Amino acid sequence: MKTLSFVFGLLFLNSLNAQTLKSDSSFAELGKYITSNEEELSGIFDIEFDGDGNIYMLGSGERLTADSLFIYLALGKLKSDGNFDSQFGNNGIVHTEHYSSQLYMDGSYTQSDGKILLAGHTFDMYTGELLTVAQRYGIDGKQDLTFGNLGTFTLSSEEPYLSTNVFELPSGKIIISATKWLENGRDAFSLIRLNNDGTIDEDFGDDGVKAFEYPDINYSIKNYYAIPQPDGKIIIAGHIEDFNGQDMLMMRFMEDGSLDSSFGQNGYFIFDGGGYDAIDNLSLQSDGKILFTGGSIDDSSGEFKNNLIAGRLNSNGSADESFGENGFANFDSFQSLNPNGFQIIEAPDGNIMLAGSVYDLEDSDELEADIFFIRMNKNGKVDNSLGNDGIYIEDFGGLFDNLYRMKFDAQGRIIVCGESINFVGPSKGFVAIYIPDLSLGKFELNNINSSVLTYPNPIVNECTIKYDLLKETKVSIDLLNVNGNLIKTFVNQDVKSSGSNQESISMEGLTPGIYLIRIKTELGSTTVKVIKQ
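Residues numbered from 1 in each chain as written. Predicted model: local features only at pLDDT ≥ 70, side-chain atom pairs only at ≥ 80, totals over all residues. Heavy atoms only, no water.

Caption draft 1: Representation of the overall build of the protein chain. Looking only at helices and strands, the protein chain has zero helices and 36 strands in total. Out of the 533 residues in the protein chain, the part that is buried amounts to 55%. Contacts in the protein chain between residues at least 24 apart in sequence constitute 50% of all its contacts with a sequence separation of at least 6. Carbon and sulfur atoms make up 46% of the accessible area of the protein chain, which amounts to about 23000 Å² in all. (Helix = DSSP H or I, 4+ residues; strand = E, 2+ residues; numbered from the N terminus. Buried < 20%, exposed > 50% of the residue type's maximum accessible area, 1.4 Å probe, protein only. Contact = heavy atoms within 4.5 Å. Areas by Shrake-Rupley, 256 points an atom, 1.4 Å probe, with all protein chains shown as cover.)

Next comes the structure, spelled out in structure tokens:
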């Protein structure tokens with residue numbers, strides 16, 4: 001049986017240098033599904049998955065007639081092997097058109113009952129009318145006709161709302177986050193709340209809608225993304241702008257739609273990155289801290305440049321000074337690539353994955369973009385062992401590759417989706433699955449000497465852990481799932497002597513998949529990712 005060894009120490013392991021993200025070859029073609037027919041499914045804007053490993057893709061399709069371009073919802077389902085589920089919709093894809101001719105779905109969310117919420121907007125190319133819409137689908141691909149009005153919620157307004165995403169609150173209410181276009185030319189953060197049956201919740205805000213304008217009329221605020229907290233509060237992020245430029249903006253609202261003045265400074269977190277700045281994505285860590293990423297466009301030198309920004313806030317909206325430099329990660333070595341962050345999320349092992357696009361801006365007539373990944377340790381420092389000195393770049397074959405969503409599945413794999421745009425010829429959507437290299441990352445356990453941890457990997461039933469201690473101390477060894485939930489404890493606060501120690505643990509009876517072994521002493525802890533066959 002093959003044995004895999006890791007060296008414990010305060011320095012990063014040399015054996016982990018130049019790691020890559022390995023495509024999961026068991027999925028589709030070499031780990032990637034790429035659309036082939038724009039009439040069926042083009043760009044893929046969001047993904048959901050179920051407990052069986054099936055992937056639901058939110059995308060769009062296009063149909064050109066003599067006088068109209070029809071853009072419609074395309075909801076596809078891939079089985080765990082990357083092939084379409086022929087029992088879902090029409091050979092794996094559901095198409096839904098709207099009378100306005102163009103239907104754009106911007107976000108998806110899997111409810112606690114397994115049904116899939118979708119939200120977006122429609123555009124009538126003849127009248128210019130823009131409507132906010134939401135729909136719900138069952139796991140069989142059938143539209144839930146009990147939702148809204150015969151399956152669709154529609155909101156019409158003279159000042160239209162452009163939705164960004166949708167989610168369910170712990171109370172069961174449904175939130176659509178949006179930007180409201182005001183008649184005076186300003187924008188406003190907006191929340192639309194629905195009852196679980198898709199009808200407007202008239203007890204919320206103004207007939208179900210809460211629009212928040214920045215108090216100073218010289219400023220406009222635009223919403224790019226929103227997330228719920230477990231306590232029902234809602235965090236919204238985007239940018240604030242006036243005639244001189246724009247800065248990053250984050251705000252938090254109570255479940256009733258009122259501003260949470262305890263967040264940041266009087267309810268606001270604002271950051272000036274030196275250019276035209278925006279937060280494109282944010283997520284919650286397991287400890288309640290807030291990760292965010294985006295970019296800052298700088299043309300002050302006469303050349304167009306994009307700088308990557310990522311940071312972390314404490315749960316109260318203040319910068320987390322234990323992260324990076326005063327709450328922000330340092331990407332100086334990558335900024336020449338013109339990166340912009342579109343996704344940031346805490347990994348199952350507590351480290352942080354960041355993804356987005358890098359842009360070739362040398363030729364303004366032919367811009368190019370590829371997808372990038374960066375892994376950071378818990379303290380916000382870039383893990384230089386990934387890719388080329390800390391950044392892994394992949395070309396999906398298009399002239400302009402955009403990454404729209406990144407998630408971890410129950411097996412600890414990274415799943416991403418996006419769109420590969422070609423200005424001549426059809427654009428294509430993609431879904432890719434990566435298996436991160438096994439990594440201990442960086443850690444500090446001052447009472448563990450440089451030593452060797454050896455175990456079979458993958459594990460059939462038994463695993464042996466060997467470690468050296470500089471002094472006698474209490475040790476705990478736990479088994480966690482990829483979400484960080486405790487499955488079992490092998491060693492519980494046992495006093496271990498200095499020198500060499502060894503533990504034999506059993507994983508017999510556990511479901512095959514990826515797990516985490518956590519080793520804790522009185523001074524800290526670390527986790528090791530293992531595979532159970």
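Anyway, onward from the coordinates.
Caption draft 2: Just the sheet that holds strand 13 (residues 174-181), in detail. Reading across from one edge, 12-13-14-15 is the order of the four strands in this open sheet, with antiparallel pairing throughout. Among the strands making up the open sheet, the edge pair consists of strand 12 (161-168) and strand 15 (209-212). Neighbour to neighbour, the strand axes of the sheet diverge by 20° on average, direction disregarded. Of the strand pairs in this sheet, strand 14 (residues 187-194) and strand 15 are connected by four bridges, and their pairing is antiparallel. In the sheet register, Leu 191 faces strand 15, and the bridge partner there is Lys 210. (Pairing = 2+ DSSP bridges. Axes fitted to C-alpha atoms, helices over the stretch in contact; angles between N-to-C directions.)

Caption draft 3: Structural view of the pattern of salt bridges. Tallying each qualifying case throughout the model produces 19 salt bridges. The salt bridge partner of Glu 394 is Lys 32, with a shortest N-O separation of 2.6 Å. Pair noted here: Glu 394 is in strand 26 (residues 391-394) and Lys 32 is in strand 3 (residues 32-34), with a separation of 362 residues, a long-range link. On the basis of relative accessibility, which here comes to 17%, the residue Lys 32 falls in the buried class. With a shortest N-O distance of 3.0 Å, Glu 213 and Arg 186 are connected by a salt bridge. Highlighted residues: Glu 213 in the loop between strand 15 and strand 16 (220-228) and Arg 186 in the loop between strand 13 and strand 14, separated in sequence by 27 residues. Residue classification places Arg 186 among the buried residues on the basis of a relative accessible area of 9%. (Salt bridge = Lys/Arg side-chain N within 4 Å of Asp/Glu carboxyl O.)

Caption draft 4: Representation of the confidence of the model for the protein chain within the structure. For the protein chain, the average pLDDT comes to 84, and 89% of its residues sit at 70 or higher. For residues 438-455, every residue scores under 50 in pLDDT, and the model assigns this stretch 87 contacts once sequence neighbours within four places are set aside. (pLDDT = per-residue confidence, 0-100.)

Caption draft 5: Local environment of a nonpolar patch on the surface. Together, Phe 123, Met 125 and Tyr 126 give the surface a local cluster of nonpolar side chains, amounting to about 300 Å² of exposed area. Considering the arrangement of structural elements, one finds Met 125 in the loop between strand 9 (116-124) and strand 10 (130-137). (Patch = residues over 30% accessible without salt bridge, like charges linked within 9 Å, V, L, I, M, F, W, Y side chains within 5 Å.)

Caption draft 6: Here's a closer look at a negative patch on the surface. Among the surface-exposed residues, Glu 202, Asp 203, Asp 206 and Asp 207 lie close enough to one another that they form a single negatively charged patch. When you line up the elements, Asp 203 lands in the loop between strand 14 and strand 15. (Lys, Arg positive; Asp, Glu negative; His and termini not counted. Charge placed at Lys NZ, Arg CZ, Asp CG, Glu CD.)

Caption draft 7: Quick look at unusual backbone geometry. Look at Leu 30: it is not a glycine, yet its phi comes out positive at around 55°. Along the chain, the position of Leu 30 falls in the loop between strand 2 (21-23) and strand 3. One non-glycine residue, Asn 338, lies in the positive phi region at around 55°. With respect to the helices, strands and loops of the structure, Asn 338 is situated in the loop between strand 22 (305-313) and strand 23 (339-346).

Caption draft 8: Quick look at the environment of Ile 459. Here Ile 459 lies in the loop between strand 30 (451-456) and strand 31 (462-469). For Ile 459, a relative accessible area of 0% puts it in the buried group. Taking the C-alpha atoms as reference points, Ile 459 and Pro 512, 53 residues apart in sequence, are found 9.3 Å from one another. Residues within four places of Ile 459 in sequence aside, it is in contact with Met 507, Val 530, Ile 531, Lys 532 and Gln 533.

Caption draft 9: The packing of aromatic side chains, seen in detail. The tally for this structure, following the rule as stated, stands at 14 aromatic pairs. On the basis of an interplanar angle of 75° and a centroid distance of 5.6 Å, the ring pair of Phe 212 and Phe 253 is categorised as edge-to-face. One end of the pair, Phe 212, is in strand 15; the other, Phe 253, is in strand 18 (residues 245-253), with 41 residues separating them in the sequence. The exposure class assigned to Phe 212 is buried, which follows from its relative accessible area of 15%. One aromatic cluster is present, built from ring pairs that chain together Phe 212, Tyr 214, Tyr 219, Phe 253 and Tyr 268. (Phe/Tyr/Trp six-rings, centres within 6.5 Å; stacked < 30°, edge-to-face > 60°.)

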